[in-house]
Every structure is written in C-alpha cells, then in structure tokens.
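Below are the chains, spelled out letter by letter.
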Amino acid sequence: MYTYSEFDTAFLAERNRQFRAQVARRISGNLTEDEFKPLRLMNGLYLQLHAYMLRVAIPYGSLNSAQMDKLAELADRWDKGYGHFTTRQNIQYNWPKLNDIPDMLDALAKVGLHAIQTSGNTIRNVTADHFAGAAADELADPRPYAELLRQWSTDHPEFQFLPRKFKIAVSGSPNDRAVTKAHDIGLRMRRKEGELGFEVIVGGGLGRTPMIGKVIRDFLPLSDLLPYAEAIVHVYNRLGRRDNKYKARIKIMVHEHGIEDVRALVEEAFTRIKPEFAGADTLLAQIKTRFRAPDLRPRETQAFDTAYRRDPVFRAWADTNLAPHRKADHAIVTVSIKAHGQTPGDATSAQMRVLADLARKYGYDELRISHEQNVILPHVAKTDLPAVHAALLAAGLGTANVGLASDIIACPGMDYCALATARSIPVAQDIATRVEALRLEHAVGPLKIKISGCINACGHHHVGHIGILGLDRGGVETYQITLGGDATEAAAIGQRTGPGFSYEEIVPAIERLLKAYLDLRESEDELFIDAVQRVGHAPFKAALYPTEAHADAA
Amino acid sequence: MPRKHHPKVVTANDLLEGDVVYRTAAGSWSSDLRAAVLIEDPEQASTELALAQSEPAMVVGIYLADMERGPDGTPQPVHFREAFRATGPSNYAHGKQAGLR
Ligand code: HEM
Ligand code: SF4
C-alpha cells in the first residue's frame, strides 16, 4: 500500500489552509462567485442541482481500511450517511455545506486523501486497473506508474491551465479493465522481447464526440514514461483548441491533425526533453518501495471447496463476484454496490465500515474502487471467503451480480447533476428490479449496461454493450439506446438503434432486448455482445420497435 | 414555432447550503417554491433578475425559471428539471421533499 511522504503531507496541509481562507473570503463577500468557482473546482467542490458536491480522489482506486473508515466518518458528520462511488474512482458527497468543506478536507488529509485535481482543466486523478497488484493476468502492478504520473502532474506549472481536462488511465494487464482506449492517454503494459513497456494510446474520450484512442507508440520502455507523457501534454497544450470548449479535448486534436502528425511532434518533443528527466528512474524506484505487495501467507482452500459444494447462495456469489488472483489459494473479491433497486455506487457509512473491517481482518488492509462503481477486496484467502460472504450478506453487500445486467454503471443524472438532461439513477434502479423480478440476469449472463444523463457520457454509455443516454426532447425525458459498445481492449463505440424511449418505456424496451437475445443466441456460451456482432442490429431493432417492423412489413 | 410565454420566478442556489432558493415578493430568498413571487410581465421579470444580481450575493447562479400558475395560485414548474429542483432527488427522500412531508 502506498504511504505518503512528509512532502505530500505538508503540501496537503498548505493547500487546505489556502482553501479555508478562500472559502472564508467567499462567505464574507470578498470573492465573487466568478472568482471563487475556479478555486473551488480545483479543490473538487461543485455546485449541483440541490446542493454542493465534494469529489474526493481515490488515486488509482486504492484505499486502506483507515481511509475507508474516514470516508464513512465524512458521510456521517457532514453528509447524509452515504457516499457515491463513481466511474472515475472517486467518491462524491452529495450534500455538504460550504462552511464545512475545509473541515472535511482537513479530515481527509489525516489519512492522506484529498480532492485535488478532481476537476478543472488539469491532469485529473489518474485511474488504474482495479485489480492492480492482485490479478492473475497482470504483468506488473500499474500503480507505481500511476503514482509517478500523479506526482509529476500535481501542481505542474505548465499544466494547470490546459485547453481542457486531461485523463490518464493505466493498466498492467493485457486484459484492459481500465478503459484505456477511452482516455486522453491510455497506457497498457505489454512485454516485448522479454522487456516490459507500455503501449501508449492517445486521443480516446467519450462525451459528445466519442472516440476510441489511437496507438501513438506501440512500445514505450517503462523508464521513458514521464518524458513521453510530458511530450504528449506539451504538444496538446500548444495545439489543442482553446477557441471552442467542445473541440478542446486532445481527441479532437488527434482527429484534426491526424495521428501521424501528432506522433511526429510528440517524438520530436520527447527527444528534446528526455535528458531533463534523468532523475525519474530513482523516483520510480522510491515509489515502488512504498507499493509493497502484502506477504500472502499460503492457505489451504478446504473451507472454500466445502461451502462451494454445499451452499448454492455462496456458489452463485463466488461464480459472479470472484476473479482469479495471482496466488491460486487467494481470490479477488468484487463487492457489488449494486443491490437490486438501490442506487448504483452508493454505500452507507455502515457498509463502508464493514468493508474496512473485512479488509483489516481478511484482506491485508487493502481495498480498491472500480470504475464500475463497485468495491474490491483484492487479496482474500479462499478459505476466508465463506466468512467474508456471510459478513457481506449481513450488511446488504452480498449481491451476486457482478458483470450481469443489474451491475449497471449510472451517472448521477438529473437527480443531482446540474448539467443533466434526464435522470439516470431511477432507470438503473428499475432495470435491476425488473431483471431480478423476472430472474432474467443469470440466464442472460455477462452484460454491460451503462447509463448517462446527458451527452457528457460520465456513465460511459458509449462503451456499454447496451448504452442508454437520457435526453430532454421538448421538455420530456427521452432515452436513446446504443448497442455494441465495448470497454475492453477490443474497445468500440455503440451505435444508436433508432428513436428514443420515454421514461415509462425504457425499462420494457431493455427487457425486450434481453429476451430477443435469449431467443436468438446460438448457445449459452454466446455472450450478448458476441450475438450483437454476429447478427447485427436488425433483430434487436425488431424487438425494440415492434410496431415499426410491422408497418415496414405491411 | 414561437415559444409560449410563461410567468417566471427568480431562482438560485443558496451560497452556504447549496439549496435551491426562490425570490419572494419581499425581495428575500425562500427555499419553498410556494413562497416565490410569480412574475407575469417579461419586462418586470428582467428587472427583478437584474436587481437580484446586483445585490451582495448570498446566493449563486441566479436565473429566471418558467412556471405556470397552479390552481391555488402558487407557481408550478413547467419543465421537469425545475420540478426536481423544487422537490429533490428521486432515489431518496432527501432535499426539500424531506421537509415538505
Ligand atoms: C455530477 C457532476 C458532474 C459534472 C458537472 C460532470 C461534468 C462532465 C463534463 C462536462 C464532461 C464532458 C467533458 C468533455 O467531453 O470535455 C464529463 C465527462 C466525464 N465525466 Fe463527468 N461530470 C459529473 C459527474 C461525473 C461522475 C459522477 C462521474 C463518474 C461516475 C464522471 C465521470 C466522467 C467521465 C468518465 C467522463 C467521460 C469521459 C471523458 O472525459 O471523455 N463525471 N463530465
Ligand atoms: S453524464 Fe451528464 S448528467 Fe451524467 S453526471 Fe455527467 S454531466 Fe451529469
């Protein structure tokens, strides 16, 4: 687990002291909202529909139990007893008061947490594979590289006023769980002739102009990471458009200039600045010593085997919520924060404390937050899993649905977000309730449904197997469906099926899609996404728009 | 198609609480839509907006929201966004609806 240095601690204290003074000046009227807004955004403070929202970074999604306990404490002391885990590996508090924010930030700093660069036109919280440091398929832990990028980008003088926000994701596995192709820079670790390096992807992004990132360098030696990243951001800072907010992301720059030209400029800048980064190797070595993997004790697995054989509830959970650990006697547990009918990603303070306790007791004190809005216990001995499962069930955290239809990503939408054009949370709640009532999701199998409440695509709808986008059409909530998106290494943007559906119609429409898939799949092994690729949209459209198909036939 | 003219309320978010607030006839701010002054005349609405914006700000993001006059004379939101602002989120009974119950 990474521990912060004294430098980080002093930096956080100073930053919080500054912000406390800024809040005081705002309240006394010495700062206008126009002056205060950029300052509060730099500290993760938004003003939403009904209240302020504080967005706390969880760098590369890693937390220890003390940090999780602190998040619970914030929820109780300054919010309504819960927090919302997001697709950017952040936690958001939906109801804080302006006066309380400095105290919240000080409380977070006690455990090395903060809200810096969770907003604004800077390099944002660097995200990483949520199975980092544990996954069986991992080449190396990506988090030291994410931390290296964090240290390099935090308060970097050249990069505080980029043309637009800038998001970096790092994966240490060939299987991409960090959606690297939908980020401004995506880094995928790979091995070439025995050596580790990164495939560097640039110009991915969702939002109103979704783009899959392009490979700018197919193999970058690990030690060249910082100068190469700096070269990319440097070229972007120069070429990125500042005339139009909607064209300001690097994806547009890559699109307009072409990947070849961008590559030439980046390589040129890289060669020039590389000598300045001589110290980066030492820094990385230091960081790595602070990411010590826990010493996993070898354990027998008998208790697991017995429970798996005898207890169908445990078996169902183990089948969906466990992933292979690099040690065969351990497992990675994904705790579903998607109980049917609940708000995706919302955990109560009591649940956060249970998770912290389980991490302390069974999980080598480690927790992760996934971009799919779930919580991970990355290292649990298999023999402890029955006890962990029982504790989760008792806390309402035992839902066996990871990767299934009800494991939905949903952005806050119009229930909270000031930019929203429609709600997304209740759509997710209703889909989950419906598939559970019909006992549909285990039959359907792996399926990614992702919902955004506006074109900004915070809910990743473009890369959902089924994407749902909430829009305002003439003062009425309307939901557009896309099909065939993919967030993995085979990243793809989903295509629209046709006219949108009203709030009342959207859940039945999704139900028809799932039933159509069950009817047409070749076998139980053919996944939803594979079926979409095989048969195309036509049969799904026929299910979505039955009357139109009828009219066409007539 | 010319847009139908709707009466307006002046609305914003409270600086300290963040809560949605509405301007009353007395020129104060209330968290209850029913206390808002409903302004029929477009020119008067602009004047009220400018006046509110010129005051030392204990509220943030002042704008005019379309309303209809309800059966009891109180403002009723035209758009669903304003309806949510006047009540609260739909996933929990938090926000204004908690107090209205
Ligand atoms: C509630 C307040 C929020 C606001 C005001 C907000 C604002 C935005 C905006 C304006 C964009 C578009 C950026 C662009 O295309 O240039 C965006 C994209 C995005 N946001 Fe949010 N967002 C909010 C909440 C969230 C939440 C809760 C999450 C995580 C669940 C999130 C994750 C993302 C992601 C993943 C993207 C799209 C990917 C990309 O940047 O290309 N946002 N957001
Ligand atoms: S997608 Fe739109 S509605 Fe959803 S959180 Fe992002 S900005 Fe808000």
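Residues numbered from 1 in each chain as written. Chains lettered and ligands numbered in written order. Predicted model: local features only at pLDDT ≥ 70, side-chain atom pairs only at ≥ 80, totals over all residues. Heavy atoms only, no water.

Q: So what exactly am I meant to see when it comes to the overall build of chain B here?
A: Of regular secondary structure, chain B possesses three helices and five strands. For chain B, the succession of helices and strands along the chain, N to C, is β-β-β-α-β-β-α-α. On C-alpha atoms alone, chain B measures out to a radius of gyration of 13 Å, which is about the 13 Å that the 2.2 N^0.38 rule sets for 101 residues. Here the C-alpha coordinates of chain B stretch approximately 40 × 35 × 25 Å along the principal axes. Buried residues in chain B amount to 43% of all 101 residues. Here the contacts in chain B between residues at least 6 apart in sequence split such that 53% fall between residues at least 24 apart. Carbon together with sulfur atoms contributes 55% to the accessible area of chain B, which is approximately 5300 Å² in total. Of the charged side chains in chain B, 10 are positive and 13 negative; the average position of the first set lies 5 Å away from that of the second. (Helix = DSSP H or I, 4+ residues; strand = E, 2+ residues; numbered from the N terminus. Rg over C-alpha atoms; globule rule 2.2 N^0.38 Å. Buried < 20%, exposed > 50% of the residue type's maximum accessible area, 1.4 Å probe, protein only. Contact = heavy atoms within 4.5 Å. Areas by Shrake-Rupley, 256 points an atom, 1.4 Å probe, with all protein chains shown as cover. Lys, Arg positive; Asp, Glu negative; His and termini not counted. Charge placed at Lys NZ, Arg CZ, Asp CG, Glu CD.)

Q: What exactly am I supposed to notice about the site of ligand 2 here?
A: In the region of ligand 2, the neighbouring residues are Cys 411, Pro 412, Gly 413, Cys 417, Leu 419, Ala 420, Ser 452, Gly 453, Cys 454, Asn 456, Ala 457 and Cys 458 of chain A. Looking at the shell around ligand 2, its residues break down into eight nonpolar, four polar and no charged. (Near = heavy atom within 4 Å. Nonpolar A, V, L, I, M, F, W, Y, C, P; charged D, E, K, R; others polar.)

Q: Honestly, the site of ligand 1 in this entry has me stumped. Any pointers?
A: Residue and element names in this part refer to chain A. For ligand 1, the set of nearby residues contains 21 residues, the closest of which are Gln 48, Thr 87, Lys 167, Leu 206 and Cys 458. A distance of 3.0 Å is found between an oxygen atom of ligand 1 and a side-chain nitrogen or oxygen belonging to Arg 249. Residues that form the shell around ligand 1 fall into these classes: eight nonpolar, seven polar and six charged. (Polar contact = N/O pair within 3.5 Å; in protein donor to acceptor, adjacent residues only side chain to side chain.)

Q: Looking at this structure, how should I read the coordination of the iron atom of ligand 1?
A: Think of it this way: four donors in a tetrahedron around the metal ideally sit 109.5 degrees apart, and six in an octahedron ideally sit 90 or 180 degrees apart. Coordination of the iron atom of ligand 1 by the protein comes from a single atom, Cys 458 of chain A (SG), at 2.2 Å. Along the chain, Cys 458 of chain A turns up in the loop between strand E17 (449-452) and strand E18 (466-473). (Donors = N, O, S within 2.8 Å, 3.2 Å for Na, K, Ca; no water.)

Q: Is there a simple way to think about the domain arrangement of chain A in this case?
A: Accessible area lost upon the coming together of the parts is a frequently used measure of interface size. Splitting chain A by domain gives domain 1 (6-109), domain 2 (142-290), domain 3 (302-394) and domain 4 (409-553). Just the C-alpha atoms count here: the centres of domain 2 of chain A and domain 3 of chain A sit 33 Å apart. (Domains from an automatic or database assignment.)

Q: How should the sheet that holds strand E12 (residues 330-335) of chain A be read in this particular structure?
A: Strands belonging to one sheet form pairs held by backbone hydrogen bonds; the direction of such a pair is parallel or antiparallel. Residues and elements named next belong to chain A. Spatially, E3-E14-E15-E12-E11 is the arrangement adopted by the five strands of the open sheet, whose pairing is antiparallel. If you trace the sheet from one side to the other, it starts and ends with strand E3 (62-64) and strand E11 (322-324), each paired once. The sheet shows a mean angle of 35° between the axes of neighbouring strands, taken without regard to direction. Direction of pairing for E3 relative to strand E14 (residues 366-369): antiparallel, over a ladder of three bridges. Considered in E14, the bridge of Ser 62 is made with Arg 368. (Pairing = 2+ DSSP bridges. Axes fitted to C-alpha atoms, helices over the stretch in contact; angles between N-to-C directions.)

Q: Would you mind showing me how to read the interface of chain A and chain B here?
A: Contacts between chain A and chain B engage 32 residues on the former and 24 residues on the latter. Of the roughly 2200 Å² buried between chain A and chain B on both sides combined, carbon and sulfur atoms contribute 59%. Broken down residue by residue, the surface that chain A buries against chain B is led by Leu 49, His 50 and Met 414 of chain A, which jointly contribute 24%. Remark: the boundary between chain A and chain B carries one salt bridge. Across the pair Lys 97 of chain A and Glu 17 of chain B runs a salt bridge, and its minimum N-O distance is 3.5 Å. Our enumeration of links across chain A and chain B arrives at eleven residue pairs in polar contact (both at pLDDT 80 or more). Elements with a minimum of two residues in the side of chain A that touches chain B: helix H1 (6-27), helix H14 (425-437) and strand E19 (476-483) of chain A. Per element, the largest residue contribution to the side of chain A that touches chain B is three residues, and it comes from H14 of chain A. Residue composition of the side of chain A that touches chain B, grouped by class: 16 nonpolar, seven polar and nine charged. (Buried area = accessible area lost by both parts, 1.4 Å probe. Salt bridge = Lys/Arg side-chain N within 4 Å of Asp/Glu carboxyl O.)

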